[in-house]
Amino acid sequence: MTKNEAVKNGVIFPVGAKNEAFQKYFIGQSYLQGLVNDPAVNVNVGNVTFEPGCRNNWHIHHDGFQLLLVTGGEGWYQEAGKRARHLVPGDVVVTHDGVEHWHGATKDSWFEHIAITAGTPEWLEPVSDAEYNQLEVEK
């Protein structure tokens, strides 16, 4: 059963187009809607929507940061060497400069967050199916 189906239509902001520009850094399908398109602003702001099971690769933001504001569904966030954190609407994630991490939907739920990002991303290896499939929401 898929949870949070309504998220696929956008919660607060539009879902946007298939995230083809970054597809090679994702397992599964994501969608991206840019929210701030001002070249004088040195921060990217986008609404990112993940189909169930979709997640991005491990990555690092250099000379910057990433803030995630969860707006819909259920997802995961994990920093290297730490336990994965289950995310629900209203959660806020602060990723500092140089911290290796990944984020994405749970296996059975759509997921959406606003990503506020500065700096240059370094994309690393995918989150393996073995790593991902062992994640369980604590009851």
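Above this note sits the structure.
Nothing here was measured: the structure is a model prediction, and the numbers come from that model.

A few words on the environment of Gly104. Within the element layout of this structure, Gly104 appears in strand 10 (residues 101-105). Sequence spacing of Gly104 and Cys54 is 50 residues, and the spatial spacing of their C-alpha atoms is 5.7 Å. Setting aside chain neighbours within four positions, we find Gly104 in contact with Phe50, Cys54, Arg55, Gly75, Trp76 and Phe111.

A regular strand carries its side chains on alternate faces of the sheet. Most of strand 7 (residues 75-79) is tucked away, with five of its five residues classed as buried. Burial along strand 7 is two-sided: Gly75, Tyr77 and Glu79 facing one way and Trp76 and Gln78 facing the other are all buried. Across three bridges, the pairing between strand 7 and strand 8 (residues 85-87) is antiparallel. Bridge pairing in strand 8 places Gly75 opposite Leu87. Linkage of strand 7 to strand 8, two consecutive antiparallel strands, is achieved through a turn of five residues, within which Gly81 is found at a positive phi near 80°. Of the strand pairs in this sheet, strand 7 and strand 10 are connected by five bridges, and their pairing is antiparallel. Looking at the pairing, Tyr77 lines up with His103 of strand 10.

A few words on the side chain of Asp91. Relative to the helices and strands, Asp91 is located in the loop between strand 8 and strand 9 (92-95). Arg85 provides the closest opposite charge to the buried, salt-bridge-free Asp91, at an N-O distance of 4.3 Å. Only 2.9 Å separates the side chain of Asp91 from the backbone nitrogen of Val88, close enough to count as a polar contact. For Asp91, the residues in contact, after removing those within four places along its chain, are Leu68, Leu69, Val70, Arg85 and His86.

So, about a nonpolar patch on the surface. On the surface, a cluster of nonpolar side chains totalling about 270 Å² of accessible area is made up of Val11, Ile12 and Phe13. When you line up the elements, Val11 lands in the segment before strand 1 (17-18). Residue Val11 is classed as partly exposed on the basis of its relative accessible area of 41%.

Once that is clear, we can look at the pattern of salt bridges. When their charged atoms lie close together, side chains carrying opposite charge are able to pair. Overall, the coordinates contain five salt bridges when judged by the stated rule. In this structure, Glu74 engages Lys3 in a salt bridge whose closest nitrogen and oxygen atoms are separated by 3.1 Å. Remark: Lys3 occurs in the segment before strand 1 and Glu74 occurs in the loop between strand 6 (59-73) and strand 7; sequence separation between them is 71 residues. Taking the relative accessible area as the measure of exposure, Glu74 reaches 14% and is therefore buried. The residue Arg55 makes a salt bridge to Asp129 at a minimum N-O spacing of 2.7 Å. Here Arg55 is found in strand 5 (residues 55-56), whereas its partner Asp129 is found in helix 1 (residues 129-133), with 74 residues between them in sequence. The exposure class of Arg55 is buried, given its relative accessible area of 3%.

Criteria and thresholds
- Residues numbered from 1 in each chain as written.
- Predicted model: local features only at pLDDT ≥ 70, side-chain atom pairs only at ≥ 80, totals over all residues.
- Heavy atoms only, no water.
- Helix = DSSP H or I, 4+ residues; strand = E, 2+ residues; numbered from the N terminus.
- Contact = heavy atoms within 4.5 Å.
- Buried < 20%, exposed > 50% of the residue type's maximum accessible area, 1.4 Å probe, protein only.
- Pairing = 2+ DSSP bridges.
- Lys, Arg positive; Asp, Glu negative; His and termini not counted.
- Salt bridge = Lys/Arg side-chain N within 4 Å of Asp/Glu carboxyl O.
- Polar contact = N/O pair within 3.5 Å; in protein donor to acceptor, adjacent residues only side chain to side chain.
- Patch = residues over 30% accessible without salt bridge, like charges linked within 9 Å, V, L, I, M, F, W, Y side chains within 5 Å.
- Areas by Shrake-Rupley, 256 points an atom, 1.4 Å probe, with all protein chains shown as cover.

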